[in-house]
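# Observations on the three-dimensional arrangement
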Amino acid sequence: MTVVTAHDEHHEAHPDLRVWGLLTFLISESLMFGGFFATYLFFRGTTDVWPPEGTEVELFVPTINTIILVSSSFVIHFGDMAIKRNSVWGMRFWYLVTAIMGAVFLAGQVYEYQNLGYGLTTNVFANCFYIMTGFHGLHVFIGLLLILGVLWRSRRAGHYSATKHTGIEMAEIYWHFVDIIWIVLFTLIYILTLF
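What this report covers is the structure whose coordinates are included nearby. Since the model is a prediction, treat every value here as computed from it, not as a measurement. (Residues numbered from 1 in each chain as written. Predicted model: local features only at pLDDT ≥ 70, side-chain atom pairs only at ≥ 80, totals over all residues. Heavy atoms only, no water.)

### Thoughts on the overall build of the protein
Of the regular secondary structure elements, the protein holds six helices and zero strands. Along the protein, helices (α) and strands (β) appear in the sequence α-α-α-α-α-α when read from the amino end. By the compact-globule yardstick of 16 Å for 195 residues, the protein is too spread out, its C-alpha radius of gyration being 20 Å. Principal-axis analysis of the C-alpha atoms places the extent of the protein at approximately 80 × 30 × 25 Å. Counting only residues that meet the buried cut, the protein has 40% of its 195 residues in that class. Of the contacts formed within the protein by residues at least 6 apart in sequence, a portion of 80% connects residues at least 24 apart. Considering the protein, the positive charge centre built from 9 side chains and the negative charge centre built from 14 side chains are found 14 Å apart. (Helix = DSSP H or I, 4+ residues; strand = E, 2+ residues; numbered from the N terminus. Rg over C-alpha atoms; globule rule 2.2 N^0.38 Å. Buried < 20%, exposed > 50% of the residue type's maximum accessible area, 1.4 Å probe, protein only. Contact = heavy atoms within 4.5 Å. Lys, Arg positive; Asp, Glu negative; His and termini not counted. Charge placed at Lys NZ, Arg CZ, Asp CG, Glu CD.)

### A few points about the environment of T63
Along the chain, the position of T63 falls in helix α3 (residues 60-84). Once the C-alpha coordinates of T63 and F186 are considered, the two residues, 123 residues apart in sequence, prove to be 8.3 Å apart.

### Considering unusual backbone geometry
Looking along the chain, the bond that leaves W50 and enters P51 is cis, with omega of -5°. Among the structural elements, P51 can be located in the loop between α2 (18-46) and α3. Even without being a glycine, N86 presents a positive backbone phi close to 70°. Assignment of secondary structure puts N86 in the loop between α3 and α4 (88-115). Residue N86 is classed as partly exposed on the basis of its relative accessible area of 47%.

### Brief notes about the layout of surface pockets
To find leftover empty space, one rolls a probe the size of a water molecule over the atoms. Counted as a void, the largest pocket has a volume near 330 Å³. Lining the largest pocket are 15 residues, with R18, R153, Y160, T166 and G167 positioned closest to its centre. Counting only elements with at least two residues in the lining of the largest pocket, the list comes to α2, α5 (124-153) and α6 (166-191). (1 Å grid on protein atoms, 1.4 Å probe; cavity = no way out; pocket = protein on both sides within 12 Å on 5 of 7 lines; lining within 4 Å. Points joined across faces, edges and corners; volume = space filled by probe spheres on them.)

### Re the packing of aromatic side chains
Inspection of every chain in the model, using the stated rule, returns 23 aromatic pairs. Ring geometry for F33 against F37: centres 6.1 Å apart, planes inclined by 35°, an arrangement best described as tilted. Of this pair, F33 and F37 both sit in helix α2, four residues apart, roughly one helical turn. One exposure class covers both F33 and F37, and it is buried. Their ring planes at 55° and their centres at 4.9 Å tell us that Y113 and Y130 sit as a pair that is tilted. Here the residue Y113 occupies a position in helix α4, and Y130 occupies one in helix α5, the gap between them amounting to 17 residues. By relative accessible area, Y130 is classed as buried at 14%. In this structure an aromatic cluster arises from ring pairing among Y40, W50, F105, Y113, Y118, F125, F129, Y130, W182, F186 and Y190. It is R92 that lies over the ring of W89; its NZ or CZ is 4.5 Å from the centre. Looking at R155, its charged tip hangs above the ring of W152, at a distance of 3.6 Å from the centre. (Phe/Tyr/Trp six-rings, centres within 6.5 Å; stacked < 30°, edge-to-face > 60°. Lys NZ or Arg CZ within 6 Å of the ring centre and 35° of its normal.)

Shown next, in the form of structure tokens:
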């Protein structure tokens, strides 16, 4: 005879909607970034010289950062695949590599800020540049915290497994979102300024 507790009944009555909650949050974040992108394109389209004299961007560090961040999407997916094979150690390895790549990206962004020669209030382009890249950097930092949180929680035996890995999947989804936003940002701010 199986004893069903109130906790079991409560759990069965409510499906796990954490991933849907994350996706809803990311949609709202996409709308916010969409507003940034639209504003940037408006100013770009209504300004004679874009970017204005003295606020040009350089491509070397941002291109390396882009390669690192886009590559990290593949690396974090290896971690998700590892846990689905029930390899906690494999997941830890790939998530640690992803965390290092995220930290290198942020360090590259700080280096770029220190060497640009203009600030947030220099002109409209500089304002858009710092707000969009800074806000994205904040999202990378949050993603880095999520990844470190997964690594921290994986210390407990049985916390993650082939059948129990929602937290890992959520960190991966968030990280892919951060990468997609960066690709759009990189295209708008760095690539289009060449034309």
